[in-house]
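Structural features, examined
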Amino acid sequence: MIHQRKMITINEELCNGCGQCVPACAEGALAIVDGKAKLVKEIYCDGLGACLGDCPTGALKVEVREAADFDPDAVTEHLKAQGREVPDHMPEPESLRLNAPKSPAGGCPGAALKTMTPCGQANIPTAQGGGSALSHWPVQLRLVPPNAPFLKNADLLLTADCVPVAMPTYHGDYVPNRVVLMGCPKFDNQMEYVEKLAGIISENDLNSITVMEMEVPCCSSMSAILNEAVKRAGKSVPTERVTVSRTGSVLRTVTLEFDI
């Protein structure tokens, strides 16, 4: 079915044919043809832009246009034919996804802003290795307003939400003295994330940002989202990117520099 949805577009004038975007696309939607990156088929592209951060020239963009539905079954066949690994779980076509309405702040008790004192912080049994270091609520990026009081002069921990599940040392090594914001760059609205983060960066004198992503491609676009948010805010913040393996170890930590 043809309808309006997000799709990757390629500026051939900017593309230098380096090919870095090809392995970055877990669905195999991109290929180098005649020295330029090309979209192989619309049905292979999920439109979520995990490849954006791997293009050194900025030739890749996400735009909304008429396109055929993303087809997970076709992607699986395509990847197998190429001898490439099929991602652990393939998302449903965008037309079948359920977009739950956002709860207004105050409409749900779980969305109420809360800064926790040490006595009020969440706790877990000591047999599991210690207590929670979480200092505020909520933690979902979609629910935190840019003017939340705990964001002022904060050290931000922007986390893809699979990271804490995989990483047993997340609370002990990364959460203390940081403000946690979590989200899924694969299934949530990326432009909503960009706008929210741009507002947070603009309105608060953040000390630092640590962005944590999984090694899997579907989780690796959080830093690209942050990059776009920094550009919109026109305000740079010292930033590190931490990449975590599926077994919970830190694969690499790098300093990110943004062009404003």
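Here we summarise the structure given alongside this text.

Rules of the game
- Residues numbered from 1 in each chain as written.
- Predicted model: local features only at pLDDT ≥ 70, side-chain atom pairs only at ≥ 80, totals over all residues.
- Heavy atoms only, no water.
- Salt bridge = Lys/Arg side-chain N within 4 Å of Asp/Glu carboxyl O.
- Helix = DSSP H or I, 4+ residues; strand = E, 2+ residues; numbered from the N terminus.
- Buried < 20%, exposed > 50% of the residue type's maximum accessible area, 1.4 Å probe, protein only.
- Pairing = 2+ DSSP bridges.
- Axes fitted to C-alpha atoms, helices over the stretch in contact; angles between N-to-C directions.
- Contact = heavy atoms within 4.5 Å.
- Expected span 1.5 Å × (residues − 1).
- Polar contact = N/O pair within 3.5 Å; in protein donor to acceptor, adjacent residues only side chain to side chain.
- Disulfide = S-S within 2.5 Å.

1. A word on the pattern of salt bridges
Applying the stated criterion to the full structure yields 10 salt bridges. A salt bridge links Arg-65 to Glu-42; the nearest nitrogen and oxygen atoms lie 3.0 Å apart. On the criterion of sequence distance, the pair formed by Arg-65 in strand S4 (residues 60-68) and Glu-42 in the loop between strand S3 (36-39) and S4 is long-range, its members being 23 residues apart. For Glu-42, a relative accessible area of 27% translates into the label partly exposed. With its nearest N and O atoms 3.7 Å apart, the salt bridge here joins Arg-142 to Asp-188. A residue pair is termed long-range when its members are at least 10 positions apart, and Arg-142 in the loop between strand S6 (136-137) and strand S7 (155-160) and Asp-188 in the loop between strand S8 (179-183) and helix H5 (190-203) qualify at 46 residues. Given the relative accessible area of 31%, Arg-142 is considered partly exposed.

2. Some words on unusual backbone geometry
Geometrically, the link from Trp-137 to Pro-138 is a cis peptide bond, its omega value of 0° lying close to zero. On the secondary structure map, Pro-138 appears in the loop between S6 and S7. In the Ramachandran plot, Asp-34 falls in the positive-phi region, its phi being about 55° despite a non-glycine side chain. Mapped onto the elements of the fold, Asp-34 is located in the loop between strand S2 (30-33) and S3. Asp-34 gets classed as exposed once you look at its relative accessible area, which sits at 76%.

3. Concerning the sheet that holds strand S11 (residues 250-256)
Neighbouring strands of a sheet are bound in pairs by backbone hydrogen bonds; such pairs are parallel or else antiparallel. Pairing within the open sheet is mixed, and its five strands lie in the order S8-S7-S9-S10-S11. The open sheet has two edge strands, S8 and S11, and neither has a second partner. With strand direction ignored, the average angle separating the axes of adjacent strands in the sheet is 20°. As paired elements, S7 and strand S9 (residues 208-214) share five bridges and run parallel to each other. Looking across to S9, one finds that Thr-159 is bridged to Met-212. Packing against the sheet, helix H6 (residues 222-233) makes contact with S7, S8, S9, strand S10 (239-244) and S11, and its axis sits at approximately 150° to S9.

4. As for H6
With 12 residues, H6 ought to run about 16 Å at 1.5 Å a step, and its terminal C-alpha atoms sit 16 Å apart, in line with that. Those residues of H6 that sit buried are Met-222, Ser-223, Ala-224, Ile-225, Leu-226, Ala-229, Val-230 and Ala-233. Buried residues along H6 sit against S7, S8, H5, S9, S10 and S11. A positive backbone phi angle near 65° is found at Gly-234, which sits one or two residues after H6.

5. Re the side chain of Asp-46
Mapped onto the secondary structure, Asp-46 falls in the loop between S3 and S4. Among the polar contacts listed, one links the side chain of Asp-46 to the side chain of Lys-186, at a separation of 2.3 Å.

6. Let's talk about the pairing of S8
Summarising burial for S8: five of the five residues are buried, a large majority. Burial along S8 is two-sided: the residues Val-179, Leu-181 and Gly-183 and Val-180 and Met-182 are all buried.

7. So, H5
For the α-helix, the turn length of 3.6 residues means that residues three or four positions removed from each other point alike. The terminal C-alpha atoms of H5, which comprises 14 residues, lie 20 Å apart, in line with the 20 Å expected from a rise of 1.5 Å per residue. Within H5, the full set of buried residues consists of Gln-190, Tyr-193, Val-194, Lys-196, Leu-197, Ala-198, Gly-199, Ile-200 and Ile-201.

8. Quick notes on the state of the cysteines
All told, the structure shown has zero disulfides when counted by the stated rule. The thiol of Cys-15 is not disulfide-bonded; the next cysteine sulfur, from Cys-21, is found 6.4 Å away. For Cys-18, which is in no disulfide, the shortest distance to another cysteine sulfur is to Cys-55 and amounts to 6.2 Å. Accessibility expressed as a relative area gives 42% for Cys-18, which makes it partly exposed.

9. Observations regarding the environment of Ser-202
For Ser-202, the position within the fold is in helix H5. Not counting residues up to four positions away in its chain, the partners in contact with Ser-202 are Ala-233 and Lys-235. At a separation of 2.8 Å, a polar atom in the side chain of Ser-202 contacts the main-chain carbonyl oxygen of Ala-198.

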